[in-house]
Amino acid sequence: MDYNAKIATNVASIPRSGIRDFFELVQGRDDVISLGVGEPDFVTPWHIREAAIYSLEKGQTTYTSNLGLLSLRKSISKYVEGFFHVDYDPAKEILVTVGVSEAIDIALRALLNPGDEVIFHEPCYVSYSPSIVMAHGVAVPVVTTKEDEFSLKPEAVAAVITPRTRIIFINFPTNPTGACASRSDLEGIAKLAIEHDLIVMTDEIYSELRYDETEEHLSIASLPGMKERTILLHGFSKAFAMTGFRLGYACAPQPIIEAMMKIHQYAMLCAPIMSQNAAIEALENGQPAMIEMRNSYHQRRDFLVKRLNEIGLDCHTPGGAFYVFPDIRSTGLTSKEFAMRLLEEENVACVPGSAFGPSGEGFLRCCYATAFEDIRTATDKMERFVGRLKKA
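First, a word on what this report is: a plain description of the structure on this page. Predicted model, so just to flag it, every value in this text is computed and none were measured. (Residues numbered from 1 in each chain as written. Predicted model: local features only at pLDDT ≥ 70, side-chain atom pairs only at ≥ 80, totals over all residues. Heavy atoms only, no water.)

A few points about the side chain of Glu-204
For step 1, the next point in the chain: Here Glu-204 shows up in the loop between β6 (199-203) and β7 (230-235).
For step 2, the next point in the chain: The charged side chain of Glu-204 is buried without a salt bridge, its nearest counter-charge being Arg-210 at 7.9 Å.
For step 3, the next point in the chain: Polar contacts involving the side chain of Glu-204 include one to the side chain of His-217, which spans 2.5 Å.
For step 4, the next point in the chain: Those residues in contact with Glu-204 that lie beyond four places of it in its chain are Phe-84, Phe-172, His-217, Ser-219, Ile-220, Leu-232, Leu-233 and His-234. (Helix = DSSP H or I, 4+ residues; strand = E, 2+ residues; numbered from the N terminus. Buried < 20%, exposed > 50% of the residue type's maximum accessible area, 1.4 Å probe, protein only. Lys, Arg positive; Asp, Glu negative; His and termini not counted. Salt bridge = Lys/Arg side-chain N within 4 Å of Asp/Glu carboxyl O. Polar contact = N/O pair within 3.5 Å; in protein donor to acceptor, adjacent residues only side chain to side chain. Contact = heavy atoms within 4.5 Å.)

Structural notes on the sheet that holds strand β8 (residues 248-251)
For step 1, the next point in the chain: Pairing within the open sheet is mixed, and its 7 strands lie in the order β2-β8-β7-β6-β5-β3-β4. Lying at the two open borders of the sheet, with one neighbouring strand each, are β2 (94-97) and β4 (138-143). With direction set aside, neighbouring strand axes in the sheet form an average angle of 20°.
For step 2, the next point in the chain: Across the face of the sheet, helix α5 (residues 70-83) comes into contact with β2, β7 and β8 while running at roughly 115° to β2.
For step 3, the next point in the chain: Against the sheet, helix α6 (residues 99-111) touches β2, β3 (117-122), β5 (165-171), β6, β7 and β8, its axis set at about 160° to β7. (Pairing = 2+ DSSP bridges. Axes fitted to C-alpha atoms, helices over the stretch in contact; angles between N-to-C directions.)

Concerning empty space enclosed by the protein
For step 1, the next point in the chain: For the coordinates displayed, the defined rule picks out 1 cavity of 30 Å³ or more.
For step 2, the next point in the chain: Roughly 70 Å³ of internal volume is contained in the largest cavity.
For step 3, the next point in the chain: Residue lining of the largest cavity: 13 residues in total, with Phe-172, Ala-181, Leu-186, His-217 and Leu-218 positioned closest to the centre.
For step 4, the next point in the chain: Of the residues contributing to the lining of the largest cavity, the split by class is 8 nonpolar, 3 polar and 2 charged. (1 Å grid on protein atoms, 1.4 Å probe; cavity = no way out; pocket = protein on both sides within 12 Å on 5 of 7 lines; lining within 4 Å. Points joined across faces, edges and corners; volume = space filled by probe spheres on them. Nonpolar A, V, L, I, M, F, W, Y, C, P; charged D, E, K, R; others polar.)

Comments concerning the side chain of Ser-275
For step 1, the next point in the chain: Locating Ser-275 in the fold gives a position in helix α11 (residues 273-285).
For step 2, the next point in the chain: The exposure class of Ser-275 is buried, given its relative accessible area of 8%.
For step 3, the next point in the chain: Engagement of the side chain of Ser-275 in a polar contact is seen with the backbone oxygen of Phe-245, the distance being 2.9 Å.

Side note on the nonpolar core
For step 1, the next point in the chain: If you look at the biggest cluster of nonpolar residues, it comprises 67 residues, and the most contacted ones within it are Leu-108, Ile-167, Met-201, Ile-231, Phe-322, Phe-338 and Met-382.
For step 2, the next point in the chain: Not counting residues within four places of it along the chain, the set of residues in contact with Leu-108 comprises Val-118, Ser-131, Ile-132, Ala-135, Ile-167 and Met-201. (Core = buried A, V, L, I, M, F, W, Y, C linked by side-chain atoms within 4.5 Å.)

Thoughts on the packing of helix α13 (residues 335-346) against helix α14 (residues 372-391)
For step 1, the next point in the chain: Closest axis-to-axis distance for the α13/α14 pair is 10 Å, and the angle between their directions is 115°. The orientation of α13 with respect to α14, classified from their angle, is roughly perpendicular. Here the hand of the crossing between α13 and α14 comes out right-handed. Touching Phe-338, Arg-341, Leu-342, Glu-345 and Glu-346 of α13 are Lys-381, Met-382, Arg-384, Phe-385, Val-386, Arg-388 and Leu-389, all from α14.
For step 2, the next point in the chain: Across the contact of α13 with α14, the residue classes tally to 6 nonpolar, no polar and 6 charged. (Parallel < 35°, antiparallel > 145°, perpendicular 65-115°, else oblique. Left-handed = near helix turned anticlockwise from the far one by under 90°.)

Quick word on the sheet that holds strand β9 (residues 323-324)
For step 1, the next point in the chain: Overall, antiparallel pairing links the 3 strands, which are arranged β9-β12-β11 in an open sheet. On the outer flanks of this sheet lie β9 and β11 (351-352), each paired with one strand and no other.

Examining the pairing of β4
For step 1, the next point in the chain: As paired strands, β3 and β4 are joined by 6 bridges and run parallel to one another. For His-121, the partnering residue across the bridge sits in β4 and is Val-142.

Side note on a negative patch on the surface
For step 1, the next point in the chain: A cluster of acidic residues, Glu-147, Asp-148, Glu-149 and Glu-155, forms a negative patch on the protein surface.
For step 2, the next point in the chain: With respect to the helices and strands, the residue Asp-148 is situated in the loop between β4 and α8 (154-158).
For step 3, the next point in the chain: A relative accessible area of 37% places Asp-148 in the partly exposed class. (Patch = residues over 30% accessible without salt bridge, like charges linked within 9 Å, V, L, I, M, F, W, Y side chains within 5 Å. Areas by Shrake-Rupley, 256 points an atom, 1.4 Å probe, with all protein chains shown as cover. Charge placed at Lys NZ, Arg CZ, Asp CG, Glu CD.)

Right under this line is the structure:
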């Protein structure tokens, strides 16, 4: 049987994740220092884990509403209003999902007709373009540059809008660059969305991890005229170190949430009730632990950026998330060559920038959500590696 002929065309065209392909090489190796996987090195705070355990002890092991526990949606509504300054009705405008990844998938499937275009910025998280393709949409990347600190400029978005454009998809702070969006850029993008009657999807999973204390995180959903045309995507994995709980949520106008819920109820039914109960605890009492983790990331970011620049790998200082994106073009190696040789010769794992789209070529994603001493050792090894390249 020709199995390739049986695979759906739009799925067959999708590449495997560049992150996962690379890290299959690392699995089972205890000698590798990983600056790769975008996951907090902190264990989920005990009081949040205890809430999940207590849920089990009370026998709360059932399905929930397709939308999620109403008690959780009320906590989300309160949190979102306080942090993002946008008010959502917990009964109708919030959907609890199995991670933000599911929320992205079902939002795209709920909104796109075959051939509709989605504008997004590169370098970007590896799932964005494939998710658009799997929803039978057309992915339209906009390149962001080191010179602009990887910010998305409204004029670049305007240049690719066509009559088939349906969605502008943004992610700030950004994975893999750590870029943040300025108010003026968000206002410009919002103006385009209103003028062209477009929906905006905004993935704000790293929004709590901002390091400029003089500038509060701003969501495009909070700008005038934008709540009614924005899907705000958020979750618990990064700020609360809850990656394994697989819990996210979408906030949007009721008709969009209803459309997303139709897909969710047939594909997933509901998110795990134990995770939902843990999330309530995170939202209501998790701020002190979140701030402590953020402060630690801040220190690691400053150290890593300084060391990379000392090594000769030009690196801007990212405003958020927990990644740096140094420029490795001066070494004469491609991103994949650099990452593979660094792994083979120094046992340090980073992700080639090309995994995040063609515009990521020439860069390397290093995640600083790992132990400080490991970062120190890894940068010493990187310095030794780059030194050998210069002598060669």
